[in-house]
Structures are given as structure tokens and as C-alpha cells.
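Residue-level structure breakdown
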Amino acid sequence: MRPVAGVGMVGYAFMGRTHSQAWRNVDAFFDLPLRPAMVALAGRNPEATEQAAAKLGWAHAETDWKRLLDRDDVQIVDICTPGDSHAEIAVAALAAGKHVICEKPLANTVAEAEEMAAAARAAAGRGVRAMVAFNYRRVPAVALARRFVAEGKLGQIRHVRAQYLQDWIVDPDFPLVWRLQKDKAGSGALGDIGAHIIDTAQYVTGERLTGVSAMTETFVKERPLAAASSGLSAGSGTGTGPVTVDDAALFTARLTGGGLASFEATRFATGRKNALRIEINGSLGSLAFDFESMNELWFHDHTLDDAEAGFRRVLVTEPGHPYAGAWWPPGHGLGYEHAFTHEVKDFIEAIAAGTDPAPSFDDGLQVQRVLAAVEQSAADDSRFTPVEVS
Ligand code: SOE
């Protein structure tokens, strides 16, 4: 009989639902050293939490996340709340000896992320593990891109071009949900989706960003107040309120290996729904990925003859591709939800092996530092060189 790892999750909105399906399915598709048990779901509203627990597959509902820390049948705490509560929950859970998986971005500020990373380092000494949930690392094509770079197929990295494009708040009447409020979300498109492309770029290249030059913009500055919200949609209440985060963030960066990178994160790219894109150009070849075609990785081998070279599509559904073999026959493809399943699989394996999972809270802190640098650079107008408009 395998030992059981009891899970307690906080939050049940969009991310809570993705993580719940991951906990529900992971043991059915992967051979795990520990059997995850969906012990309890925590939320503030008793009725809504009970309903969500029943629907999503949790055995119990708790109305205070602190109750999860008192439960002996909970060994893992999964944090799916807005960023303003990540630090408090994660630090308390780690101190209580619970392994922690925390949604991204790790925190709302660098100070909070530093506290969380320090707590994770201390906990690791006691065999307690912490991971930040940058799910796109676990898309098979993205993991394959990392493998290609690590194998040296790209040579020296010269360029990274990363974009995360969405359009769900283009309508100025779309309400002021928590993702548009700085006190809850920390920042806007920057932290919510820019954090993903920063992590993806650092993960795939194996390099770090060493500095940035940035601009951000809030196109719609006032919005209807939100009534009850669910996932990314919400009804409007009465009155309006200020949008306190960026709608779009653009920045350039330098990489540790000497390459140059550009990043664009926006929720105003009409027609683009969830286009996390990355192109990497190296001295020996290039890679390109777009989440809207998430089962494909494009690879150009520059060592080939001119006549043969050129971008070719790798359909990342073969048994030899990362994670893919656990699912369907070649060509049948995976979706958004699978990356979350892969994430908890890797987390459980790291817990059982007594190793630090990746991305660690230190990796999350590094991303948080980049986010803060982008905000600082964007706020500094002296770096913007005006051009006379004729
Ligand atoms: C909203 O922009 C959002 O749900 C992000 O919060 C997620 O991290 C991303 O995966 C999809 O878009």
C-alpha cells in the first residue's frame, strides 16, 4: 500500500478548479510514489465552499484555511487564492510542517516573496517542500523546448521574444474584478500573465534576466464595480471604481548569457485569447511555441544545409516527449488542464524523493524581482526619449 498524501486546498475559483481536476486525475494517469487524497477545501463562504467541495471532489469543507493546518490528515496545502493572501498562508503552512504549492505570481511584493522564500529554505531543512505553480513549464512542448536547449541544439542564445496576449477585458464595461485591483493582485497583466513569460523564458533558456527597461499602460482607468465573479467573468454591480493596475506591460531585458530579450503582456490584444508565445534564436537554431497551438513546437536546425533547413513542426504527442506518454496515443493531443496535472505529479514525486521541486519559491522570488524592476523602470520617465511629432 502506498502512503497517502492528504491535500488541503484554499480557494475554488478558476485556479481552484484547475488544481482540483489535477488532484482528481493525477493518480489515474501517473504511477506515483504517494497517493494524493483530496481531504479538504477551504473558503470563506460556508455554503459556496460546501457546494464547491462536493462538485470538485473534496471530502470536507472548511471555512478557515487555518483549520487545514490543524488537520493531521493534511500534508500538502495548495494555495489558489489571489496574491494578497499567498504569503500569510504559505509561511504559516510551512511552519506547520505542510508541503506547499502556491499559485503564481508567488506574492504581491518582493518583500513578501523574500519572506516566503526564506520560509521555504528553512522548511526544506526539515524535509518540507515548496513549489510555485508556473503551470506552463509543464506543457509538453515547453518542456521539450527546455530539453532541446539543455542538449545544446540552439547553441548560444541571442534572442528571446516572449508574448502573452489575451483580450478578456477589452470591453470598457467589463467589471473591476480582483485581477484589476493592485491591493489584491499586486499588478495587472504584468504579474498575472507577464510572470508566466518571465518564468517560461528563464526556464527554457536556463538563464536569468539581469535587468529591464519597461513601459506599462492602463487603457481603461475606471470600470463598473463587480458583482459576484466566477473565474474571469463577473456581473456588474452599481457604481464605478478606478483600475489600479496595468492593462499592458512591455519590456526589454538582458540575459545572463549575453542575449537580448523582449516581453509583451497584455489583455488588450483583440482576437488573442491565451497566446503565450515564445521564440528563441540561438547560434545553432531556433525554437517557437504558441500556447494556442499547444501541442506543437517549431524547430529550425541551423546546422543543416540551407536547402534542408527551415522551421519544422514537431507534434509533441509522442511517448518519448515529456509527460505525453502517460496520456493518449500519438496525435491525440493535450489541453490547458494537463499542465496542472503534470505540476502536481512532479510535486508529489519531489516530496517522496526528498528533493526540492522546481520552480522553487526562490525561482518565484526571482520572477518577483523582475516584476518589481519592470514597475520601477516603467515609472521612471527619464528613460523614455521623446520624439518630436510633426
Ligand atoms: C487570467 O489572465 C489567467 O487566468 C491567468 O491568471 C492564468 O495564470 C493564465 O494561465 C490564464 O489567464
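Residues numbered from 1 in each chain as written. Predicted model: local features only at pLDDT ≥ 70, side-chain atom pairs only at ≥ 80, totals over all residues.

What follows concerns helix H2 (residues 46-56). Structurally, the α-helix is built with 3.6 residues per turn, so residues lying three or four positions apart point the same way. All buried positions along H2 are accounted for by Thr49, Ala52 and Ala53. Around the axis of H2, the buried residues are gathered within 100° of arc, so they sit on the same side. Exposed side of H2, more than 90 degrees from the buried face: Glu47, Ala54 and Lys55 are the residues found there. Those residues of H2 that are buried are in contact with strand E2 (35-42) and strand E3 (60-62). Glycine 57 occupies a position one or two residues after H2 and carries a positive phi of about 100°. (Buried ≥ 20, exposed ≤ 12 C-beta atoms within 10 Å, placed from the backbone. Helix = DSSP H or I, 4+ residues; strand = E, 2+ residues; numbered from the N terminus. Arc of directions from axis to C-beta. Contact = placed C-beta atoms within 7 Å.)

For the ligand, the full set of nearby residues is Phe14, Gln166, Asp192, Ile193, Leu232 and Asn274. Classifying every residue of the shell around the ligand gives three nonpolar, two polar and one charged. (Near = placed C-beta within 6 Å. Nonpolar A, V, L, I, M, F, W, Y, C, P; charged D, E, K, R; others polar.)

Quick look at the nonpolar core now. In terms of nonpolar packing, the biggest core is built from 105 residues, with Ala90 and Met116 touching the most fellow members. With nine residues, the top contributor of residues to this core is helix H8 (residues 189-205). Summarising the domain contributions, this core has at least three residues from each of domain 1 (4-136) and domain 2 (140-293 + 295-334 + 371-375). Discounting chain neighbours no more than four positions away, the residues touching alanine 90 are Ile79, Val100, Cys102, Met116 and Ala119. Membership of the second largest hydrophobic core comes to six residues, among which are Leu176, Val177, Val243 and Val245. (Core = buried A, V, L, I, M, F, W, Y, C linked by C-beta atoms within 7 Å. Domains from an automatic or database assignment.)

Sheet architecture is open: eight strands sit in the order E8-E11-E12-E7-E13-E14-E15-E16, paired in mixed fashion. Two strands in the sheet have a free side with no partner beyond their single neighbour: strand E8 (209-217) and strand E16 (312-315). Direction aside, the axes of adjacent strands within the sheet are offset by 15° on average. Where H8 meets the sheet, it contacts strand E7 (157-165), E8, strand E11 (248-255), strand E12 (260-266) and strand E13 (275-282), and its direction lies at approximately 150° from that of E7. Across the face of the sheet, helix H10 (residues 361-379) comes into contact with E8 and E11 while running at roughly 50° to E8. (Pairing = 2+ DSSP bridges. Axes fitted to C-alpha atoms, helices over the stretch in contact; angles between N-to-C directions.)

Attention shifts here to the packing of helix H6 (residues 140-150) against H8. Between H6 and H8, the least distance of the axes is 7 Å, while the angle of their chain directions is 40°. In terms of their interaxial angle, H6 and H8 are classed as oblique. Note on element contacts: H8 touches H6 through Thr200, Tyr203, Val204 and Thr205, opposite Val142, Ala145, Arg146 and Val149. (Parallel < 35°, antiparallel > 145°, perpendicular 65-115°, else oblique.)

Here the focus is the sheet that holds E3. Taken together, the six strands give an open sheet; going across it, the order is E3-E2-E1-E4-E5-E6, and neighbouring strands pair in parallel fashion. Strand pairing shows two members of the sheet lacking a second neighbour, E3 and strand E6 (130-133), which therefore form its edges. On average, each strand axis in the sheet is inclined to that of its neighbour by 25°, with strand direction left out of account. Across four bridges, strand E1 (residues 4-10) lies against strand E4 (residues 76-79) in parallel orientation. For valine 7, the partnering residue across the bridge sits in E4 and is isoleucine 76.

Most of E11 sits inside the fold, with six of its eight residues counted as buried. The pairing of E8 with E11 spans eight bridges and is classified as antiparallel. From the neighbouring strand, leucine 209 faces E11, where its bridge partner is leucine 255. Pairing of E11 with E12, which is carried by seven bridges, proceeds in the antiparallel orientation. Residue pairing for E12: alanine 249 is matched across the bridge by alanine 265. In this antiparallel pair of consecutive strands, E11 and E12, the connection spans four residues, and glycine 258 shows a positive phi of 100°.

Along its sequence, the chain is organised into domain 1 (4-136) and domain 2 (140-293 + 295-334 + 371-375). Taking only C-alpha atoms, the centre of domain 1 and the centre of domain 2 are 24 Å apart. In this complex, domain 1 contributes 14 residues to the contact, which on the side of domain 2 involves 19 residues. For the side of domain 1 that touches domain 2, a count of residues per class yields nine nonpolar, three polar and two charged.

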